[in-house]
Amino acid sequence: MDDRATALSFDTQLAAIQHVERRLLLLTLLRAGPDSTAFDADHTPPGTDVRELKLEMYHVHLPKLEQMGLIEPSGNWYDIRRGPRFDEIEPLLRVIDDHRKKLPGDVL
C-alpha cells in the first residue's frame, strides 16, 4: 500500500495549524520532544484568560488535533503528548519554527 495515500494531506495539515492556539500547541510539542507534555498555564501570553483558553482547547482544538492523530491527551487537558501521526506534520512545523522571525507577527 502507498504510504502517501494514507498520510495526512497538506490541506489537513494546514487545517491543523489554522488557529494560533493549535499552532502554539503543536510547536510546543515539537520543541519539547517526543515524551514531553505541551501545555503549562504559567506560560500563556500576558492578558490571556486561562479559563477561556482551557475551555476552547478542551472543546474545540484538542478534539480536532486528536481526531487527526497529532496529539494524545491523557484525560487531563494539560497533559498532551505527540500523537501517532505527529511525525507527518513535523516538517511543516519545522519550517514555521525555523522561520518564525521572518513570518508575520500573528503566526505565533
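Since we're looking at a predicted model, the values are computed, not measured.

**Student:** Looking at this structure, how should I read the overall build of the protein chain?
**Tutor:** Along the backbone of the protein chain there are five helices and two strands. Taken over 108 residues, the protein chain has a buried fraction of 34%. Once local pairs closer than 6 in sequence are excluded, the contacts in the protein chain between residues at least 24 apart make up 60%. Accessible surface, the protein chain as shown: approximately 7000 Å² in total, 50% of it carbon and sulfur.

**Student:** Hey, could you run me through the nonpolar core in this one?
**Tutor:** Nonpolar side chains in soluble globular proteins tend to end up buried together. The biggest cluster of nonpolar side chains holds 22 residues, and the ones touching the most others in it are Leu26, Leu70, Ile71, Ile89 and Leu93. Of all the secondary structure elements, the ones that give two or more residues to this core are helix H3 (20–32), helix H4 (50–67) and helix H5 (86–98). Discounting residues that sit within four places of it in the chain, Ile89 has contacts with Gln13, Ala16, Ile17, Leu26 and Leu70.

**Student:** What's the story with the pattern of salt bridges in this structure? I'm lost.
**Tutor:** For side chains of opposite charge, pairing can occur when their charged atoms come near one another. Overall, the coordinates contain five salt bridges when judged by the stated rule. Its salt-bridge partner being Arg85, residue Glu88 comes within 2.9 Å of it at the nearest N-O pair. Among the residues examined, Arg85 registers a relative accessible area of 24% and is labelled partly exposed. Asp97 is paired through a salt bridge with Arg100; the nearest N and O atoms lie 3.0 Å apart.

Cut-offs applied
- Residues numbered from 1 in each chain as written.
- Predicted model: local features only at pLDDT ≥ 70, side-chain atom pairs only at ≥ 80, totals over all residues.
- Heavy atoms only, no water.
- Helix = DSSP H or I, 4+ residues; strand = E, 2+ residues; numbered from the N terminus.
- Buried < 20%, exposed > 50% of the residue type's maximum accessible area, 1.4 Å probe, protein only.
- Contact = heavy atoms within 4.5 Å.
- Areas by Shrake-Rupley, 256 points an atom, 1.4 Å probe, with all protein chains shown as cover.
- Core = buried A, V, L, I, M, F, W, Y, C linked by side-chain atoms within 4.5 Å.
- Salt bridge = Lys/Arg side-chain N within 4 Å of Asp/Glu carboxyl O.

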